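Observations on the three-dimensional arrangement
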Amino acid sequence: MEKQKAKAVLEAVLFTMGDSVEIDRLAGVIEEDTKTTKEILDEMAQEYETDDRGIELTTLDNAVQLCTKGDYYEYLIKIAKTPKRFVLTDTLLETLSIVAYKQPVTRLDIEKVRGVSCDHAVNKLLEFDLITEVGRLDAPGRPLLFGTTEQFLRSFGVKSLDDLPEINPVQMEEFKMQAESEIEMQLDI
């Protein structure tokens with residue numbers, strides 16, 4: 001397929017899908033190998049970057065997505081009124097952190113780290129599409145396993161889980177002490 005037509009096909013597919021699409025699937029659509037497809041996508045990303053365009057090509061792990069450039073967000077608000085926004089409380093952020101760093105993880109695993117029930121937090125994070133069910137643990141009761149989503153990556157501006165900051169051991173000890181004091185306070189009540 002001629003390169004310009006391949007770009008048009010990729011753009012059409014990405015626009016229509018709305019979500020990210022794996023690069024190997026895109027390669028199959030344009031009947032090219034993955035390396036050539038990546039080169040075409042890189043070229044497209046450069047064109048979107050250098051031209052004064054309202055969209056950009058975002059790479060997430062081994063997938064790409066057509067997204068609106070952040071500079072044009074205020075204009076989207078005007079047309080879409082108020083976008084759906086979510087508020088991440090400390091409890092939600094703590095639960096999300098546990099899932100992000102320990103995934104795949106069960107509710108029980110989260111509760112062991114937090115020391116309290118996590119049902120509400122997990123349900124909210126599922127509703128916000130920041131975590132998803134990724135399978136079941138091969139154990140009695142076959143509990144659900146949770147992991148982060150591509151929406152999580154987009155929301156926090158990371159391209160893959162490898163880009164998450166490493167946890168400082170000193171901070172980890174402080175977190176443990178805070179959690180223990182919270183548990184003690186709850187027991188005193």
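Description of the structure in this document. Note that this is a predicted model, so its numbers are computed, not measured.

A tally of helices and strands in the protein chain yields nine helices and five strands. Each helix and strand of the protein chain, ordered N terminal to C terminal, gives the series α-β-α-α-β-β-α-α-α-α-β-β-α-α. Relative to the compact-globule value of 16 Å for 189 residues, the protein chain shows a C-alpha radius of gyration of 21 Å, a clear excess of over 25%. On the principal axes, the C-alpha backbone points of the protein chain span a range of 70 × 45 × 30 Å. Here the protein chain holds 189 residues, and the buried ones make up 27% of them. The long-range share in the protein chain, meaning contacts at least 24 apart out of those at least 6 apart in sequence, stands at 46%.

On to the nonpolar core, then. As a rule of thumb, soluble globular proteins bury nonpolar side chains together. Of all hydrophobic cores here, the largest spans 20 residues; its most connected members are I110, I131 and F152. Put simply, the parts of the chain that give this core at least two residues each are α5 (90-102), α7 (119-127) and α8 (150-156). When residues in this core are grouped by element, the largest group, five residues, is from α5. When residues no more than four places from it in sequence are discounted, the contact partners of I110 are T95, I98, V99, V105, C118 and V122. By size, the runner-up hydrophobic cluster in this structure holds 14 residues, among which are V21, I23, L26 and M44.

The volume enclosed by the largest pocket comes to roughly 1100 Å³. Lining the largest pocket are 36 residues; nearest its centre among them are C67, T68, Q151, R154 and S155. Of all the elements in the fold, those that place two or more residues in the lining of the largest pocket are α3 (34-50), β2 (55-60), β3 (63-68), α4 (73-80) and α8. Looking at the lining of the largest pocket element by element, the count peaks at seven residues for α3. By residue class, the composition of the lining of the largest pocket is 17 nonpolar, nine polar and 10 charged.

The residue D19 is located in the loop between α1 (3-17) and β1 (21-22) in this model. By relative accessible area, D19 is classed as partly exposed at 48%. Spatially, the C-alpha atoms of D19 and E150 are 9.1 Å apart, while their sequence positions differ by 131 residues. Contacts of D19, omitting those with residues within four sequence positions, involve V64 and Q65.

Here α1 is 15 residues long and its end C-alpha atoms lie 21 Å apart, about the 21 Å a rise of 1.5 Å per residue gives. Buried within α1 we find A6, K7, L10 and L14. All buried residues of α1 project into a common sector of 100° when viewed along the axis, lining one side. Among the exposed residues of α1, those oriented more than 90 degrees off its buried face are F15 and T16. Structurally, α1 contributes buried residues whose contacts are with β1, α2 (23-30), α3, β2 and β3. Just past α1, the residue G18 takes up positive phi, approximately 80°.

Rules behind the numbers
Residues numbered from 1 in each chain as written. Predicted model: local features only at pLDDT ≥ 70, side-chain atom pairs only at ≥ 80, totals over all residues. Heavy atoms only, no water. Helix = DSSP H or I, 4+ residues; strand = E, 2+ residues; numbered from the N terminus. Rg over C-alpha atoms; globule rule 2.2 N^0.38 Å. Buried < 20%, exposed > 50% of the residue type's maximum accessible area, 1.4 Å probe, protein only. Contact = heavy atoms within 4.5 Å. Core = buried A, V, L, I, M, F, W, Y, C linked by side-chain atoms within 4.5 Å. 1 Å grid on protein atoms, 1.4 Å probe; cavity = no way out; pocket = protein on both sides within 12 Å on 5 of 7 lines; lining within 4 Å. Points joined across faces, edges and corners; volume = space filled by probe spheres on them. Nonpolar A, V, L, I, M, F, W, Y, C, P; charged D, E, K, R; others polar. Expected span 1.5 Å × (residues − 1). Arc of directions from axis to C-beta.

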